[in-house]
Amino acid sequence: MTESGSVVWPPAPIKTERLVLRESEARDRAAFIELFTSPEVNTYLGGPRPRDECERALSETPERRPGLFVIELDGAMIGTIELNRRDAERRSHVRPDAGEAELGYLLLPEAWGHGYAAEACAAALDWFADALPGEPVVLCTQTANDRSMRLAAKLGFTEVQRYEAWGAAQWMGVWSPDTPPA
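From a predicted model like this one, the values you see are computed outputs, not experimental measurements.

A. Highlighting the pairing of strand β8 (residues 168–175). Counting buried positions along β8 gives seven out of eight residues, so the element sits mostly inside the fold. With seven bridges joining them, strand β7 (residues 158–165) and β8 adopt antiparallel strand pairing. Its bridge partner being in β8, Thr158 is matched across the sheet by Val174. Count of turn residues in the β7/β8 antiparallel hairpin: two residues, of which Trp166 carries a positive phi of about 55°.

B. Spatial organisation of the sheet that holds β7. As summarised here, the arrangement of the eight strands in space is β1-β2-β3-β4-β5-β6-β8-β7, forming an open sheet in which the pairing is mixed. One side of each edge strand has no neighbouring strand; the edge strands of this open sheet are β1 (14–15) and β7. Of the pairings in the sheet, the one linking β1 to strand β2 (residues 19–22) comprises two bridges and is antiparallel in character. Paired with Ile14 across the two strands is Leu21, which belongs to β2. Strand contacts of helix α1 (residues 29–37): β3 (68–73), β4 (76–85) and β5 (101–107), with the helix running at about 70° to β4, the strand carrying the most contacts. Helix α3 (residues 116–131) rests against β1, β2, β3, β4, β5, β6 (137–142) and β8 of the sheet, and its axis sits at about 40° to β4.

Calculation criteria
Residues numbered from 1 in each chain as written. Predicted model: local features only at pLDDT ≥ 70, side-chain atom pairs only at ≥ 80, totals over all residues. Heavy atoms only, no water. Buried < 20%, exposed > 50% of the residue type's maximum accessible area, 1.4 Å probe, protein only. Helix = DSSP H or I, 4+ residues; strand = E, 2+ residues; numbered from the N terminus. Pairing = 2+ DSSP bridges. Contact = heavy atoms within 4.5 Å. Axes fitted to C-alpha atoms, helices over the stretch in contact; angles between N-to-C directions.

As structure tokens, this is what we get:
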């Protein structure tokens, strides 16, 4: 987490019933390329990046940074989760001083429909709640992204606002560790 204060990064791997959330490793490079170049994954994110551009730009060991977890299933990367501070121009002011954390996630299409996103996001939010007690988290998605809208509700995010950006209707919700999921 950028500006995380006393949060130790990377944390020990987080294990759920089926998944492990961990720091990225060199063996994850091919899966990162698949995530960034997949038309399905990037439908609501402005479209896929060209594969050749992505292969040139992505180092042999994908970037390790605070707030970025790899989602691993049976020893292989199936996606990512990020918890990052929102930049100044995108602040929603759900915290008195703004700078709230934002949850983002990407999963490979073959991992869709198995509950992995919910399991991984819930584990990341639990970790966040322990690391930064009382801190809210926001999630933004296009209203047309039915899967993300359902996941936000399942995780306990409540609507803060709807707005227009990037040529599409957007939704922003907030999660608080004090609010139980739906």
